[in-house]
There are 2 protein chains.
Amino acid sequence: MEEKIKISMLLEIYGRLLTLKQYNLLDDYYNKDLSLSEIAENENITRQAVRDFLKKGEKKLFEYEEKLRIMEKNIAQEEKIDEILYEISKIENSFTDEKLINVLDDIKNKIRVLI
Amino acid sequence: MEEKIKISMLLEIYGRLLTLKQYNLLDDYYNKDLSLSEIAENENITRQAVRDFLKKGEKKLFEYEEKLRIMEKNIAQEEKIDEILYEISKIENSFTDEKLINVLDDIKNKIRVLI
């Protein structure tokens with residue numbers, strides 16, 4: 001997974017364990033796609049200070065994931081859900097009963113929102 | 001939910017964020033069902049010291065849940081999974097096709113291990 005996407009996911013999961021300052025700068029950089037220079041200007045700090053905040057915040061996020069593995073579990077669960085959806089689609093293809101297909105579609109929708 | 005079960009679940013989710021000492025004492029008390037006196041004797045500390053360790057550890061667990069809400073999400077997900085399993089069972093009851101019932105059973109088993 002691309003590093004930027006990974007950090008954005010970790011921020012979503014563990015962001016509330018960071019300081020508000022750390023959270024906001026990581027959010028600016030990884031979610032709102034602001035550049036280091038833009039963040040430095042907005043916050044009235046140097047680019048190097050922004051870089052240090054980001055590094056420190058990232059390190060904490062990776063430490064939490066190392067301990068709790070919530071992202072890892074979420075990703076594994078999503079893969080299993082994709083497999084189940086695929087299997088249900090296969091059943092739909094091998095039956096013609098319209099009522100059955102409707103209830104299976106309904107179940108697929110419910111499974112999709114599990115995560 | 002009973003407080004003891006709740007703390008045991010929180011310990012399972014966030015336990016690695018506690019100190020090892022806190023984790024072990026909470027594990028003794030909430031999972032291994034040792035009494036305060038037994039733990040005090042094993043650890044060679046007073047019952048009051050055990051009580052303090054437990055209180056401090058519990059407080060941290062509740063603070064993590066307050067911020068991350070992983071247990072809350074897990075419980076909501078389990079409820080949705082139960083609903084989906086129930087719906088699939090209803091489909092099984094209204095169809096007689098053996099092949100269909102087998103694949104639905106297979107899907108139910110896969111959904112059961114999602115959590």
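Structure shown above.
Keep in mind it's a predicted model, so treat the numbers as computed, not measured. (Residues numbered from 1 in each chain as written. Chains lettered and ligands numbered in written order. Predicted model: local features only at pLDDT ≥ 70, side-chain atom pairs only at ≥ 80, totals over all residues. Heavy atoms only, no water.)

Caption draft 1: Up close: the packing of aromatic side chains. Under the definition given, this model contains four aromatic pairs over all chains. Between Lys4(B) and the ring centre of Tyr29(B), over which it is positioned, the NZ or CZ distance is 5.3 Å. (Phe/Tyr/Trp six-rings, centres within 6.5 Å; stacked < 30°, edge-to-face > 60°. Lys NZ or Arg CZ within 6 Å of the ring centre and 35° of its normal.)

Caption draft 2: Just the layout of surface pockets, in detail. There is about 740 Å³ of room inside the largest pocket. When contributions to the lining of the largest pocket are tallied by element, the ones reaching two or more residues are α1 (3-14) and α5 (70-94) of chain A together with α1 (3-14) and α5 (70-94) of chain B. In terms of residues, the lining of the largest pocket owes the most to one element, α5(A), which gives seven residues. Grouping the constituent residues of the lining of the largest pocket by class yields 12 nonpolar, four polar and seven charged. Partitioned by chemical class, the residues of the lining of the second largest pocket number five nonpolar, three polar and six charged. (1 Å grid on protein atoms, 1.4 Å probe; cavity = no way out; pocket = protein on both sides within 12 Å on 5 of 7 lines; lining within 4 Å. Points joined across faces, edges and corners; volume = space filled by probe spheres on them. Helix = DSSP H or I, 4+ residues; strand = E, 2+ residues; numbered from the N terminus. Nonpolar A, V, L, I, M, F, W, Y, C, P; charged D, E, K, R; others polar.)

Caption draft 3: Structural view of the environment of Leu114(B). By the secondary structure assignment, Leu114(B) is in the segment after α6 (98-112). Those residues in contact with Leu114(B), other than ones at most four positions away along the chain, are Gln77(A), Lys80(A), Ile81(A), Ile84(A), Leu114(A) and Ile81(B). (Contact = heavy atoms within 4.5 Å.)

Caption draft 4: View of the interface of chain B and chain A. Facing 31 residues of chain B, the contacting portion of chain A comprises 31 residues. Both faces considered, chain B and chain A share a buried interface measuring about 2,800 Å² in area, 70% of it formed by carbon and sulfur atoms. On inspection of chain B and its partner chain A, the count reaches two salt bridges. With its nearest N and O atoms 2.3 Å apart, the salt bridge here joins Lys110(B) to Glu87(A). Where chain B meets chain A, there are seven residue pairs in polar contact (both at pLDDT 80 or more). Of all the secondary-structure elements, those providing two or more residues to the side of chain B that touches chain A are α1, α4 (47-68), α5 and α6 of chain B. Class assignment of the residues belonging to the side of chain B that touches chain A gives a composition of 19 nonpolar, two polar and 10 charged. (Buried area = accessible area lost by both parts, 1.4 Å probe. Salt bridge = Lys/Arg side-chain N within 4 Å of Asp/Glu carboxyl O. Polar contact = N/O pair within 3.5 Å; in protein donor to acceptor, adjacent residues only side chain to side chain.)

Caption draft 5: A look at the nonpolar core. Among the nonpolar cores identified, the biggest contains 40 residues, and Tyr14(A), Leu26(A), Leu61(A), Tyr14(B), Leu26(B) and Leu61(B) are the most heavily contacted of them. Excluding residues that lie within four positions of it along the chain, Leu61(B) makes contacts with Ile7(B), Leu10(B), Leu11(B), Tyr14(B), Gly15(B), Leu18(B) and Leu26(B). One finds Ile81(A), Ile91(A), Ile91(B) and Leu104(B) within the second-largest nonpolar core, a separate group that totals 22 residues. (Core = buried A, V, L, I, M, F, W, Y, C linked by side-chain atoms within 4.5 Å. Buried < 20%, exposed > 50% of the residue type's maximum accessible area, 1.4 Å probe, protein only.)

Caption draft 6: A look at a negative patch on the surface. Residues and elements named next belong to chain A. On the surface, a cluster of negative charge is made up of Glu-78, Glu-79, Asp-82 and Glu-83. With respect to the helices and strands, Glu-78 occurs in helix α5. Residue classification places Glu-78 among the partly exposed residues on the basis of a relative accessible area of 38%. (Patch = residues over 30% accessible without salt bridge, like charges linked within 9 Å, V, L, I, M, F, W, Y side chains within 5 Å. Areas by Shrake-Rupley, 256 points an atom, 1.4 Å probe, with all protein chains shown as cover. Lys, Arg positive; Asp, Glu negative; His and termini not counted. Charge placed at Lys NZ, Arg CZ, Asp CG, Glu CD.)

Caption draft 7: Spotlight on the packing of α1(A) against helix α2 (residues 20-31) of chain A. Residue and element names in this part refer to chain A. Packing of α1 against α2 leaves a shortest axis separation of 10 Å and a crossing angle of 140°. Taken together, the axis directions place α1 and α2 in an arrangement best described as oblique. Viewed along their axes, α1 and α2 form a crossing whose handedness is left-handed. Along the contact surface, α1 presents Lys-4, Ile-7, Ser-8 and Leu-11, while α2 presents Tyr-23, Leu-26, Asp-27, Tyr-29, Tyr-30 and Asn-31. Per-class residue counts for the contact of α1 with α2 are six nonpolar, two polar and two charged. (Axes fitted to C-alpha atoms, helices over the stretch in contact; angles between N-to-C directions. Parallel < 35°, antiparallel > 145°, perpendicular 65-115°, else oblique. Left-handed = near helix turned anticlockwise from the far one by under 90°.)

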